[in-house]
Amino acid sequence: MKRAEATGGRSASKLAAYGTWVVSAIVAVVFLGPLLWMVAASLREEASIFGGGWLRADGWTLENYAEAWRRAGLGRALVNSALQVLVIAGGGLMINAMAAYAFARLEFRGREAVFAGVVILIVLPVEVLAVPMFFTARDLGLTGGYGAAMAGLTVPFLAKAFNIYFLRQHFLSVPRALEEAAVIDGAGTWRLFWNVALPSMKPALATVVVLDLLAHWGDFLWPLMIATREETRTVQLSLANLFTQPPVQWGDILACAVMATLPVMLFFRWFQRYVVATDARAGIK
Amino acid sequence: MMAWERARGRSAKWFLAPALALLAVFVVWPLVRAGVWSFTNADLLSPERARGVGLDNYTGLWADGRFRRAFLNTWMFALLVVPAQTVLAFFMALWVNRPEPAWRVLRGVFFLPVVVAMPVLAVLWTLLYQPAQGGEMGPVNAALGVFGVPPQAWLRDPALALPAIAFMSVWQGVGLQMMVFLAGLQSVPKELIEAARIDGAGAWQRVWHVVVPSMRNTIIFVVTVTMILAFRIFVQPYLMTRGGPGNSTLSLIQSVYEMTFVTQDLGRACAAAMAFLVLVGGLTWAQRRWMKEERE
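As the structure is a computational prediction, the values presented were derived from the model and not from experiment.

Draft legend 1. Inspection of the overall build of chain A at higher detail. What chain A contains, in helices and strands, is 13 helices and zero strands. A compact globule built from 285 residues should have a C-alpha radius of gyration of about 19 Å, whereas chain A, at 24 Å, is more than 25% larger. Each principal axis of the C-alpha atoms in chain A carries an extent, and together these give about 75 × 70 × 35 Å. Counting over 285 residues, chain A shows a buried share of 51%. Within chain A, residue pairs in contact and separated by at least 24 positions form 72% of the contacts whose partners lie at least 6 positions apart. Accessible area of chain A: about 12,800 Å², with a carbon and sulfur share of 65%. Side chains of chain A carry 24 positive and 19 negative charges; the gap between the two charge centres is 6 Å.

Here you go:
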């Protein structure tokens, strides 16, 4: 609507085009600036992070990364986080897609009622459930040792009402003719699901995976309650630990923050192309 | 409904079993337990030995000064964030809604903070907001200094801490709402806008009289979702200020967390969680109602 053509005259429209660029550039700096500062400052010597002199050649270092890696146990934490999000996204995809397929394609008594029950669960925020969920996890032995804590971080989030709802919508839009052809060939229900329906909705599957990965990579409250031992810490917990435990070293903290961001950025960049324009509800975690 | 779908109905239970079992154990059962505990004096270490106390936990909530403060802070945060984020996201969507590839890049830039994990951003903004100290200051103070604004203590100033966290939260989340608006914009009939233009409506009038009314549902959706997300605030104040200075940024979730693990008053924590659920559930219900009216 604010297109340059809207204003009459060539020079005026040229001016408007420049104006558009200038405003865009200023706003882009506001959004990009903090993240660029994070990366640049993580490469500065401790004493010169808040001091000036960034334009001089000296004062740049990789030491912060080595220190952060050592002090925050980043190697272990990155593995833990990767394991956590991959199990949730991968295992969850399987479990939720199966349920979604049943709701979309298999007829059984009470289907609508059960589905309505699942849809209601979408609005429940994790934070409300965190405390009672903690007790359930504890009762089931999902706290404590390494294996138990990793299970505690993942198993409660495998089944997700929103993902079931989202995938069901996409199964409904898979052409029935595909499955009917396979039925005539004598395919069983599992083959209809696994070999026919699933492969024809890859973008929807990718969307669910991306949303899960982004959401759980940043998990904080739940790991804070479950992953209490040092060897079970996720990246976010390591960062928070570095941030609160003296001695507070800004350089180490920034290096750790960059390391906690890089994997998800790279993944997002690579995976973006597979994602459908998600429907608006995807905004709710 | 095709014959094979009916015939295959018998295998439905195997397809549903894993998901429904997990939802029952990790969502429904904890919810029921929280509901029951909220009427008892359950404590952290032995919730099984709880006695019923009626509505005491609920009435006690409001008498609890810390919870009341957290409740008001969270509302205040929502009131700061929701209008700013919605309006900003709307105009950003209009701004980047152009076909040339260069605008894709700008869209990506606006969306970037959404992709970064919240704990990372909370830590980053704590450094950005660093107060002036012996000739050194954080980048926010340095940048504002260029325009002659004197350095502020931001997160250490009880009057500025919550607005500072709200600003950072808008910066983080506005890209997501912009994307939702952008999707909504695609469904505004182009002929309508064109007709308004021919009738001599200016850019502002076209937005106000054509675009806004035809995006009513999207706007309601964005407002309610942003509000629900705002009520769920926890990570930013927990890491940036620990709820301080002077409880000025204490969030609802942090107060529930502390009731559970610090004062170990599980019954009250569950009552608080239930109250929170009613708040969020009410908002969702209101959203559904408003949006339905539009469809009829």
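Draft legend 2. Expanded view of a nonpolar patch on the surface. Residues and elements named next belong to chain B. Together, Val 28, Trp 29, Val 32 and Val 36 make up a nonpolar patch on the protein surface, roughly 350 Å² of accessible area in all. In this structure, Val 28 sits in helix α2 (residues 12-37). Its relative accessible area of 37% is what places Val 28 among the partly exposed residues.

Draft legend 3. Molecular detail of the interface of chain B and chain A. Taken residue by residue, the interface counts 92 residues in chain B and 93 residues in chain A. Between chain B and chain A, a total of about 8,300 Å² is buried, with carbon and sulfur atoms accounting for 78% of that surface. Here chain B is connected to chain A by one salt bridge. Residue B:Arg33 is joined to A:Asp139 by a salt bridge in which the shortest nitrogen-to-oxygen separation is 2.6 Å. Put simply, chain B and chain A have five residue pairs in polar contact (both at pLDDT 80 or more) between them. Considering each element in turn, the side of chain B that touches chain A owes the most residues, 19 residues, to α2(B). Grouping the constituent residues of the side of chain B that touches chain A by class yields 74 nonpolar, seven polar and 11 charged.

Draft legend 4. Here's a closer look at the domain arrangement of chain A. Residues and elements named next belong to chain A. One can read the domain layout of chain A as domain 1 (4-63) and domain 2 (66-283). Between domain 1 and domain 2, the C-alpha centre-to-centre distance is 35 Å. Between domain 1 and domain 2 the total buried area reaches about 850 Å² when both faces are included, carbon and sulfur atoms providing 68% of it. The largest contributions to the domain 1 side of the interface with domain 2 come from Met 38, Glu 46 and Glu 63, which together make up 54% of the buried area. The tally of links from domain 1 across to domain 2 stands at zero salt bridges. At the boundary of domain 1 with domain 2, the tally comes to five residue pairs in polar contact (both at pLDDT 80 or more). When the residues that make up the side of domain 1 that touches domain 2 are grouped by side-chain class, the tally is seven nonpolar, one polar and two charged.

Draft legend 5. Structural context of unusual backbone geometry. Geometrically, the link from A:Pro246 to A:Pro247 is a cis peptide bond, its omega value of 0° lying close to zero. Locating A:Pro247 in the fold gives a position in the loop between α12 (235-244) and α13 (250-271). Residues B:Gly244 and B:Pro245 are joined by a peptide bond in cis, for which omega reads -10°. Following the sequence through the fold, B:Pro245 ends up in the loop between α12 (235-240) and α13 (252-261).

Reading guide: rules and limits
- Starting from 1, residues in each chain are numbered consecutively following that chain's sequence as written.
- Naming scheme: in the order in which they are written, chains are lettered from A and ligands are numbered from 1.
- Residues qualify for local features only when their pLDDT is at least 70, as the model is predicted, and side-chain atom pairs are given and counted only at 80 or more; totals for whole chains, interfaces and linings, by contrast, use all residues.
- Think of the side-chain values as coming from all heavy atoms in the structure, minus any hydrogens and water.
- Under the scheme used here, helices are H or I runs from DSSP no shorter than 4 residues and strands are E runs no shorter than 2 residues, and both carry numbers assigned from the N terminus.
- Two things to know: the radius of gyration comes from C-alpha atoms, and the globule rule equals 2.2 Å times the number of residues to the power 0.38.
- Burial classes follow relative accessibility: with a 1.4 Å probe on protein chains only, a residue under 20% of its type's maximum area counts as buried, one over 50% as exposed, and anything between as partly exposed.
- It only takes one pair of heavy atoms within 4.5 Å for two residues to be counted as in contact.
- In these tables, accessible area is a Shrake-Rupley quantity obtained with a 1.4 Å probe, and a residue counts as shielded only by the protein chains included in the view.
- Counted as positive: Lys and Arg. Counted as negative: Asp and Glu. His and the chain ends are not counted at all.
- For charged residues, the charge sits on one atom: NZ in Lys, CZ in Arg, CG in Asp, CD in Glu.
- Distance thresholds for patches are 9 Å for like charges and 5 Å for nonpolar side chains (Val, Leu, Ile, Met, Phe, Trp, Tyr), applied to residues having over 30% relative accessible area and no salt bridge.
- Here, a salt bridge means any Lys or Arg side-chain nitrogen found within 4 Å of an Asp or Glu carboxyl oxygen.
- Here the quantity called buried area is the accessible surface, traced with a 1.4 Å probe, that two parts lose on coming together, added over both.
- We define a polar contact as two N or O atoms separated by no more than 3.5 Å, with the added condition that, inside protein, one atom must be a possible hydrogen donor and the other a possible acceptor, whereas residues neighbouring each other in sequence contribute only through side-chain atom pairs.
- In this classification, Asp, Glu, Lys and Arg are treated as charged, Ala, Val, Leu, Ile, Met, Phe, Trp, Tyr, Cys and Pro as nonpolar, and every other residue, Gly included, as polar.
- The start and end points of each domain follow an automatic or database-based domain assignment.

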